[in-house]
Amino acid sequence: MPTAVLTDHERTAVQAYLRLLQTVRAAMDAPAGPGRPAVVPPAALAEAEQALAAAGLEGNEEAFFRLLHTWCPEA
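Residues numbered from 1 in each chain as written. Predicted model: local features only at pLDDT ≥ 70, side-chain atom pairs only at ≥ 80, totals over all residues. Heavy atoms only, no water.

*Asks:* What's the story with the pattern of salt bridges in this structure? I'm lost.
*Replies:* Pairing between side chains of opposite charge can happen when the charged atoms of each approach one another. In total, this model carries three salt bridges according to the counting rule given. The salt bridge partner of R19 is E47, with a shortest N-O separation of 2.4 Å. With R19 in helix 1 (residues 8-29) and E47 in helix 2 (residues 42-54), this pair connects stretches of sequence that are 28 residues apart. Judged by relative accessible area, which is 37%, R19 ranks as partly exposed. With relative accessibility at 30%, the residue E47 sits in the partly exposed group. (Salt bridge = Lys/Arg side-chain N within 4 Å of Asp/Glu carboxyl O. Helix = DSSP H or I, 4+ residues; strand = E, 2+ residues; numbered from the N terminus. Buried < 20%, exposed > 50% of the residue type's maximum accessible area, 1.4 Å probe, protein only.)

*Asks:* Looking at this structure, I do not really get the packing of helix 1 against helix 3 (residues 61-71). What am I missing?
*Replies:* One way to put it is that helix 1 packs onto helix 3 with a least axis distance of 10 Å and a crossing angle of 85°. With respect to their mutual orientation, helix 1 and helix 3 come out roughly perpendicular. Contact residues: E10, R11, A13, V14, Q15, Y17 and L18 in helix 1; F64, F65, L67, L68 and W71 in helix 3. Looking at side-chain class alone, the contact of helix 1 with helix 3 contains nine nonpolar, one polar and two charged residues. (Axes fitted to C-alpha atoms, helices over the stretch in contact; angles between N-to-C directions. Parallel < 35°, antiparallel > 145°, perpendicular 65-115°, else oblique. Contact = heavy atoms within 4.5 Å. Nonpolar A, V, L, I, M, F, W, Y, C, P; charged D, E, K, R; others polar.)

*Asks:* How do you make sense of helix 1 when you look at a structure like this?
*Replies:* Between its terminal C-alpha atoms helix 1 stretches 32 Å, which fits the 32 Å expected from 22 residues at 1.5 Å a residue. What helix 1 keeps buried is the set E10, A13, V14, A16, L18, L20, L21 and A27. Looking at the buried positions of helix 1, the neighbouring elements they touch are helix 2 and helix 3. (Expected span 1.5 Å × (residues − 1).)

*Asks:* I'm lost on the environment of L68 in this one. Help?
*Replies:* Tracing the chain through its elements places L68 in helix 3. Residue L68 is classed as buried on the basis of its relative accessible area, which comes to 4%. Each C-alpha atom, one on L68 and one on Q15, is 9.3 Å from the other, the two residues being 53 residues apart in sequence.

Listed below in structure tokens is the structure:
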């Protein structure tokens, strides 16, 4: 099985995506109501976008998800 060696920027992008994924899952699990809509904080989205851009993966979802699957197959 090949081993992927990530650059610092790629690792940061994967970690930001995983945090975003956890945030989305938590938001979807929480009951929505009039006082508490299920929303992902803009800061979580911004962090992921910045990390993808820094890694050169912005707009290249195929390469990013291939990288993510290699590094973290359960995501």
